[in-house]
Structure formats: structure tokens, C-alpha cells
Amino acid sequence: MTVFLCGFMGCGKSTSGRLAAKKLGCNLVDTDELIVESEGMSIPEIFEQKGEPYFRKVESETVKSLCGRTVVAACGGGAMLNNETAAAANRNGLVIFLDVPFDTCYERIKGDANRPIAASSTREELLERYNSRREVYIKNSGVIIDASGTPVENAEKIAAAVRERNR
């Protein structure tokens, strides 16, 4: 089963996902890393040279390409905002929203030059984006996890949700 982790930037998708993948006996695939590899440029370079719409298109294709694979996929913060992408992920796997308070995410992402949206936005703009995205994440996820614990605790919650789904 493909497990798609979604949530706001800095919620712990990659960190907790890597630990959850080990617990589940599979690999973690980070969609942002796949995009960087396939495009041959960093995410900030993609945004600058090709624009956010192009990035979102590639992001959607990347998520869909993982459907049916036995992996934990750490999806970029915008991946499950696309209803078509979210529907494909839900049809072919389990979408888990890692729900983390904004202040925690903000502390992790502020000043991160590798996150174009975070780097170019004020705290207030990011909070507005967080609030609007959170509702979409909830709508487009099969499972919602309070991921405000440690990465190990969050990984166990992810693994437990997958095991429950597989029963």
C-alpha cells in the first residue's frame, strides 16, 4: 500500500515518514527530492525559472506515479491541495494528514531558503496559507494524526493507522 503523508511545510512528513517506513518495512520516498532529481534543479530554481504552476503540475504527476507502490511518500506541502491528485492518492493508497500547530511549523521553516514560499512570505502570510490549507488537508485525507509529538511517537501513529487500514 502507498502511504501518502501530507501537511504544512515543517510538519514532519520526511522525518516521521522515514521512521514510519522503517516500522512498516518499506522505503520513504520524498516527492520534493524526486522532483529535484528529475528536473535537475532545486525547488527554488524551478519556481524561479519555470514558475509555481509548472512545479505543481510536476508535483501532481510525481504523486500519481507513486500510486500502487509499497512506500511511504512524504508529499510536498501543496500536493494534496490538488483535488485530482488527492483523489488518485486516496483511491490507490492511504492519505494521512500530519496535523501540527502553526507555531511549530513556523519555527521549523522560517528563513529556509530551500522553501520558496516560506522564504518569500511573512509570518502572517504563512499563517493565512496554513489556515486555508489545513481545511483542504482535512478534506483530502483518509486519516488525521495529531503529529505534535516526537518523530518516533508520530511514526508509531502513522504505522498504527496503516496497520488498522490493512486489517
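The preceding data block contains the structure.
Treat the numbers as computed from the prediction; the structure is a model and nothing was measured.

Re the layout of surface pockets
By volume, the largest pocket amounts to about 610 Å³. Put simply, the parts of the chain that give the lining of the largest pocket at least two residues each are helix 1 (13-24), helix 2 (31-39), helix 3 (43-50), helix 4 (52-66), helix 7 (116-119) and helix 9 (151-166). Examining the composition of the lining of the largest pocket, we find that 4 residues originate from one element, helix 1, more than from any other.

Looking at the sheet that holds strand 4 (residues 93-99)
Reading across the sheet, the 5 strands line up as 2-3-1-4-5 and stay open at both edges, with parallel pairing between neighbours. Only two strands of the sheet have a single neighbouring strand rather than two, namely strand 2 (27-30) and strand 5 (143-146). Along the sheet, successive strands turn relative to each other by an average axial angle of 25°, direction set aside. Here strand 1 (residues 2-6) pairs with strand 4 via 5 bridges, running parallel. Pairing of Phe-4 across the sheet is with Val-95, part of strand 4. Contacts between helix 2 and the sheet are confined to strand 2 and strand 3 (71-74), with strand 2 contributing the most and set at about 60° to the helix. Running over the sheet, helix 9 touches strand 1, strand 4 and strand 5 and is turned about 150° from strand 4.

Quick look at empty space enclosed by the protein
Taken as a whole, this structure holds 1 cavity of 30 Å³ or more when the rule is applied. Approximately 40 Å³ is the volume found for the largest cavity. As for the largest cavity, its lining consists of Phe-8, Cys-11, Phe-97, Leu-98, Asp-99, Val-100, Cys-105, Tyr-130, Arg-134 and Tyr-137. Taken together, the elements giving at least two residues each to the lining of the largest cavity come down to strand 4 and helix 8 (123-139). Looking at the lining of the largest cavity, its residues break down into 8 nonpolar, no polar and 2 charged.

Let's talk about the packing of helix 4 against helix 5 (residues 83-92)
In a packed pair of helices, the relevant descriptors are the angle between the two axes and the axis-to-axis distance. Between helix 4 and helix 5, the shortest axis-to-axis distance is 9 Å and the interhelical angle comes to 10°. Here helix 4 is positioned roughly parallel relative to helix 5, judged by the angle of their axes. For the pair helix 4 and helix 5, the contacting residues are Ser-60, Val-63 and Lys-64 in the first and Glu-84, Thr-85, Ala-88 and Ala-89 in the second. Classifying every residue of the contact of helix 4 with helix 5 by side-chain character gives 3 nonpolar, 2 polar and 2 charged.

Some thoughts on the pairing of strand 1
Counting buried positions over the 5 residues of strand 1 gives 5, a clear majority of the element. Side chains Thr-2, Phe-4 and Cys-6 of strand 1 all project onto a buried face; the interleaved residues Val-3 and Leu-5 project onto the opposite face, where all are buried too. Two elements, strand 1 and strand 3, share 3 bridges in a ladder whose sense is parallel. Within the sheet, the bridge partner assigned to Val-3 lies in strand 3 and is Val-72.

Here is what the cut-offs are and how they apply
Residues numbered from 1 in each chain as written. Predicted model: local features only at pLDDT ≥ 70, side-chain atom pairs only at ≥ 80, totals over all residues. Heavy atoms only, no water. 1 Å grid on protein atoms, 1.4 Å probe; cavity = no way out; pocket = protein on both sides within 12 Å on 5 of 7 lines; lining within 4 Å. Points joined across faces, edges and corners; volume = space filled by probe spheres on them. Helix = DSSP H or I, 4+ residues; strand = E, 2+ residues; numbered from the N terminus. Pairing = 2+ DSSP bridges. Axes fitted to C-alpha atoms, helices over the stretch in contact; angles between N-to-C directions. Contact = heavy atoms within 4.5 Å. Nonpolar A, V, L, I, M, F, W, Y, C, P; charged D, E, K, R; others polar. Parallel < 35°, antiparallel > 145°, perpendicular 65-115°, else oblique. Buried < 20%, exposed > 50% of the residue type's maximum accessible area, 1.4 Å probe, protein only.

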